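Observations on chain architecture
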Amino acid sequence: MATAANTAPSIPVDRQFDFRDADFSRVRKMIHARAGISLGTHKREMVYSRLARRLRALGRQDFGSYLDQLENEPEAAEWEDFINALTTNLTAFFRESHHFPILADFARKRGGPVSVWCCAASTGEEPYSIAMTLVEALGPRAGGSTVLATDIDTNVLNRARTAVYPNERVAKMEDERLRRFFLKGRGANAGQVRVRPEIADMVQYETLNLLAPSWGISEKFDVIFCRNIMIYFDKPTQAKILERFVPLMKPGGLLFAGHSENFTYISRDFRLRGQTVYECASKA
């Protein structure tokens, strides 16, 4: 009969810390309880790599004591770093570009200021793309339009607030948009661009956990962008979030989802209106 030691998964020789099945299981349960994120078993190496950095930064010798600290201190500041480490932030300006003409047409039909909530803001490319689209669609009527940009990751929000990006982040953008919406860096800032203040001022950044008991949001939105975040939640969590969106949306408001997300069979509050675009069915 094989012993437990013999049946345990082998540990790569270059690993500084032992990372056992029990440690990975605890991490998966903790991030799901805290942020709703469902980590698949294939994420094990990613989890080790990212959390090992936290262990080194804190001078920890093993995962067990690190996770014990988090569980014993639910209000510890380290929870923020734990969540930040396990959050994936993939974004780009005008990503999933088919959504933005739909937003522009919707804004023109609305006719006046449009309020948008971008609930996975990451480093800011998406909320700034939304603001640019509103200005392009509405012109002078865009005055008063707002974009609430939230994310659970405080690090990416701090980067987003700077509104500064390396040139390669806008390399594929049309020249007209570049000239209209960005300032080119010079001297010490060469190789970078900054979002023009009139666009940056339309966006307000806030830290928000979609699993929090209260979001602290009282306004209603014409549009909610919730793209490429629901895939990290299980179906019951998705359903609860969609249910909470409804009272925050104006009649006829639109919900934009990510390319691999489908809410049709999760909620009756939204009806499909286009490719990963949903209209809020509520009349409230």
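**Side note on the overall build of the protein**
Along the backbone of the protein there are 11 helices and 10 strands. Its C-alpha atoms give the protein principal-axis dimensions of roughly 75 × 55 × 30 Å. Counting all 284 residues of the protein, 50% fall into the buried class. Counted over contacts in the protein with a minimum sequence separation of 6, partners at least 24 positions apart contribute 73%. Carbon and sulfur atoms make up 50% of the accessible area of the protein, which totals about 14,400 Å². Looking at charge distribution, the protein has the averaged site of its 39 positive side-chain charges lying 5 Å from that of its 34 negative ones.

**Looking at the sheet that holds strand β4 (residues 182–184)**
With antiparallel pairing, 3 strands are arranged side by side in an open sheet as β3-β5-β4. Edge positions in the open sheet fall to β3 (164–166) and β4, since each of these has one partner strand only. The sheet shows a mean angle of 30° between the axes of neighbouring strands, direction not considered.

**Here's the deal with the sheet that holds strand β2 (residues 146–151)**
If you walk across this open sheet you meet the 7 strands as β6-β2-β1-β7-β8-β10-β9, and the pairing is mixed. Among the strands making up the open sheet, the edge pair consists of β6 (203–207) and β9 (270–274). Direction aside, neighbouring strands of the sheet carry axes that sit 25° apart on average. Note: β2 against β6, 5 bridges, orientation parallel. Looking at the pairing, Asp151 lines up with Thr207 of β6. On top of the sheet, helix α8 (residues 154–162) reaches β2 and β6; it is set at about 160° to β6, its chief contact. Sheet strands in contact with helix α11 (residues 235–245) are β1 (115–118), β7 (221–226), β8 (249–257) and β9, and its direction is about 145° off that of β8.

**Here we look at unusual backbone geometry**
Peptide bonds are mostly trans, and most non-glycine residues show a negative phi. Positive phi values are uncommon outside glycine, yet Phe94 reaches one of about 55°. Inspection of the secondary structure puts Phe94 in the loop between α5 (78–86) and α6 (99–110). A positive phi angle, close to 50°, is found at Ser122, a residue other than glycine. Tracing the chain through its elements places Ser122 in the loop between β1 and α7 (125–138). Residue Ser122 is classed as buried on the basis of its relative accessible area, which comes to 5%.

**Topic: the layout of surface pockets**
By volume, the largest pocket amounts to about 580 Å³. Considering only residue class, the lining of the largest pocket consists of 16 nonpolar, 12 polar and 5 charged.

**Some remarks on the nonpolar core**
Within the largest apolar cluster, 54 residues are counted, with the highest numbers of intra-cluster contacts made by Phe82, Trp117, Trp215, Phe245 and Leu255. When contributions to this core are tallied by element, the ones reaching two or more residues are α2 (21–35), α3 (44–58), α4 (63–72), α5, β7, α11, β8 and β10 (277–280). The element best represented in this core is α3, accounting for 6 residues. Beyond its immediate sequence surroundings of up to four residues, Phe82 is in contact with Val27, Met30, Ile31, Leu51, Tyr66, Leu67 and Leu70.

**Points about the packing of aromatic side chains**
The tally for this structure, following the rule as stated, stands at 18 aromatic pairs. Ring centres of Tyr128 and Tyr165 lie 6.4 Å apart, and the angle between their planes is 85°; on these two criteria the pair is classed as edge-to-face. With Tyr128 in helix α7 and Tyr165 in strand β3, the pair connects residues that are 37 residues apart, well separated along the chain. Arg244 extends its terminal NZ or CZ atom over the ring of Trp215, reaching a point 4.0 Å from the ring centre.

**Some points on α11**
Among the residues of α11, Thr237, Gln238, Ile241, Leu242 and Phe245 are the ones counted as buried. All buried residues of α11 lie within an arc of 135° about the axis, which places them on one face of the element. Exposed and facing more than 90 degrees away from the buried side of α11 are Pro236, Lys240 and Glu243. In this structure, the buried side of α11 is in contact with α2, β1, β7, β8 and β9.

Thresholds applied
Residues numbered from 1 in each chain as written. Predicted model: local features only at pLDDT ≥ 70, side-chain atom pairs only at ≥ 80, totals over all residues. Heavy atoms only, no water. Helix = DSSP H or I, 4+ residues; strand = E, 2+ residues; numbered from the N terminus. Buried < 20%, exposed > 50% of the residue type's maximum accessible area, 1.4 Å probe, protein only. Contact = heavy atoms within 4.5 Å. Areas by Shrake-Rupley, 256 points an atom, 1.4 Å probe, with all protein chains shown as cover. Lys, Arg positive; Asp, Glu negative; His and termini not counted. Charge placed at Lys NZ, Arg CZ, Asp CG, Glu CD. Pairing = 2+ DSSP bridges. Axes fitted to C-alpha atoms, helices over the stretch in contact; angles between N-to-C directions. 1 Å grid on protein atoms, 1.4 Å probe; cavity = no way out; pocket = protein on both sides within 12 Å on 5 of 7 lines; lining within 4 Å. Points joined across faces, edges and corners; volume = space filled by probe spheres on them. Nonpolar A, V, L, I, M, F, W, Y, C, P; charged D, E, K, R; others polar. Core = buried A, V, L, I, M, F, W, Y, C linked by side-chain atoms within 4.5 Å. Phe/Tyr/Trp six-rings, centres within 6.5 Å; stacked < 30°, edge-to-face > 60°. Lys NZ or Arg CZ within 6 Å of the ring centre and 35° of its normal. Arc of directions from axis to C-beta.

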